[in-house]
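A structural walkthrough
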Amino acid sequence: RRDRVAESLARAPEGTRFLVYQFNIKENIGPPTVHRARLAFQEADSLGADFMLIHMNTYGGLVESADSLRTRIMQSRIPVIVFIDNNAASAGALISIAADHIYMRPGGNIGAATVVDATGEVVPDKFQSYMRATMRSTAEAKGRNPDIAQAMVDPSVEIEGIIEEGKVLTFTASEAVRWGFAEGMAENIEQVLAMAGIDDYVIVEQRLSALNRLIAFLVSPVVSGILIMLILGGVYFEFQTPGIGFPILVAISAALLYFAPLYLEG
């Protein structure tokens, strides 16, 4: 397994003070998280950061958003360290596996990545198949056991001594370390960096501008859904009344708020 964290430490001249860029994921994973992650990696690159630290506590979220984050982490030139501060469930597990190092708070959990719909029902195997392959390929790329990664999605996978058939795998912190899925357990960020071998460092934590906070708010699924309803409702009621009135103004305003953030996001 290639250890990019160790490689970066080995290449650095003696006495180097490392720049660690901290990005927090402490919400359900969705378009706002993808927006903030894009900004985080751009800023980390512009600052010349040596390491990216993702401070995570999430129960999961949207698969497409998680896959976008997974891809960004795996393509990052900067080594990525994840600190699971209690929870990395479902989509959070996929994102964590993409990192170079995983550290977990004692009592934390990682796993349970079966794909479900908005009601919590398990979706057809077409979707599970893609998630199984994504988990396996991500684990393989990072030198982790792909069977363990697949067992976090697929209850038909049985691994002797770890998980029996018919159950979806979720690791505790100690189990993840025992089976080589995490590098260690830590109580806080300082311990994480010390365990990674990063002794002399400065941390820069992401701070969003007012505009970027507004964009993250507008691209959230709930707000986007409301804006779409206002667009359709405004157009419908405008057709029911003569002349140009209030409904079309509502529709135009909602359309601007819906499309402007997507345009700014590219």
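Refer to the structure printed above.
I will try to describe carefully the structure that is included in this document. (Residues numbered from 1 in each chain as written. Predicted model: local features only at pLDDT ≥ 70, side-chain atom pairs only at ≥ 80, totals over all residues. Heavy atoms only, no water.)

Take the packing of helix α3 (residues 63–74) against helix α5 (residues 125–141) next. How two helices pack is summed up by the angle between their axes together with the distance between the axes. Contact geometry for α3 and α5: axes closest at 12 Å, N-to-C directions at 20°. Classified by the interaxial angle, the pair formed by α3 and α5 is roughly parallel. Crossing angle aside, the handedness with which α3 passes α5 is left-handed. Seen from α3, the contacting residues are D67, R70 and M74; seen from α5, they are Y130, T134, S137, T138 and A141. The residue inventory of the contact of α3 with α5, partitioned by class, reads three nonpolar, three polar and two charged. (Axes fitted to C-alpha atoms, helices over the stretch in contact; angles between N-to-C directions. Helix = DSSP H or I, 4+ residues; strand = E, 2+ residues; numbered from the N terminus. Parallel < 35°, antiparallel > 145°, perpendicular 65-115°, else oblique. Left-handed = near helix turned anticlockwise from the far one by under 90°. Contact = heavy atoms within 4.5 Å. Nonpolar A, V, L, I, M, F, W, Y, C, P; charged D, E, K, R; others polar.)

Next up on the list: the pattern of salt bridges. Summed over the entire model, instances satisfying the criterion amount to 15 salt bridges. Of the charged contacts in the structure, one is a salt bridge between R132 and D154, with a shortest N-O distance of 3.7 Å. Pair noted here: R132 is in helix α5 and D154 is in the loop between α6 (146–151) and β6 (170–172), with a separation of 22 residues, a long-range link. Across the pair, D154 and R132 agree in class, each one buried. Ionic pairing is found between D147 and R136, a salt bridge with its closest N-O pair at 2.9 Å. Taken together, the residues D147 in helix α6 and R136 in helix α5 connect sequence positions 11 residues apart. Here the salt bridges do not stand alone but share partners, grouping R4, D100 and K142 into one network. (Salt bridge = Lys/Arg side-chain N within 4 Å of Asp/Glu carboxyl O. Buried < 20%, exposed > 50% of the residue type's maximum accessible area, 1.4 Å probe, protein only.)

A separate point is the environment of Q75. With respect to the secondary-structure elements, Q75 resides in the loop between α3 and β3 (80–89). For the pair Q75 and A98, spaced 23 residues apart in sequence, the C-alpha to C-alpha distance is 9.7 Å.

Another aspect to go through is the packing of aromatic side chains. Here the structure, examined in full by the defined rule, presents four aromatic pairs. Measuring from centroid to centroid gives 5.2 Å for Y236 and F237, while their planes differ by 75°, and the two rings are edge-to-face. Here Y236 falls in the partly exposed class, since its relative accessible area comes to 49%. (Phe/Tyr/Trp six-rings, centres within 6.5 Å; stacked < 30°, edge-to-face > 60°.)

Turning our eyes to something else, we now look at the nonpolar core. Ranked by size, the top nonpolar core spans 52 residues in total, and within it M52, I54, I110, M135, M152 and F171 carry the most contacts. Tallying contributions element by element places helix α4 (residues 91–97) first for this core, with five residues. Excluding residues that lie within four positions of it along the chain, M135 makes contacts with A93, L94, I97, A113, A149, M152 and V153. With 14 residues, the next largest nonpolar core counts L53, A186, I189 and A196 among its residues. (Core = buried A, V, L, I, M, F, W, Y, C linked by side-chain atoms within 4.5 Å.)

Looking now at the layout of surface pockets. Considered as a void within the structure, the largest pocket measures approximately 300 Å³ in volume. Considering the residues around the largest pocket, the lining is formed by 15 residues, among which G61, L62, V63, V115 and V116 are closest to the centre. Among the elements of the structure, α3 and α5 are those that each provide at least two residues to the lining of the largest pocket. Residues that form the lining of the largest pocket fall into these classes: eight nonpolar, five polar and two charged. In terms of lining, the second largest pocket is formed by R2, R4, E7, S8, R11, A12, F18, A49, D50, R77, I78 and P79. Here the lining of the second largest pocket takes four residues from helix α1 (residues 4–11), the largest share from any one element. A breakdown of the residues in the lining of the second largest pocket according to their chemical character gives five nonpolar, one polar and six charged. (1 Å grid on protein atoms, 1.4 Å probe; cavity = no way out; pocket = protein on both sides within 12 Å on 5 of 7 lines; lining within 4 Å. Points joined across faces, edges and corners; volume = space filled by probe spheres on them.)

Quick look at α1 now. Buried residues of α1: R4, V5 and S8, and no others. An end-on view of α1 places all buried positions within 105° of arc, on one side of the element. Residues of α1 that are buried sit in contact with β1 (18–25), β2 (51–58), α3, β3 and β4 (101–104). Sitting at the head of α1, D3 places a side-chain oxygen 3.1 Å from the backbone nitrogen of V5. (Arc of directions from axis to C-beta. Polar contact = N/O pair within 3.5 Å; in protein donor to acceptor, adjacent residues only side chain to side chain.)

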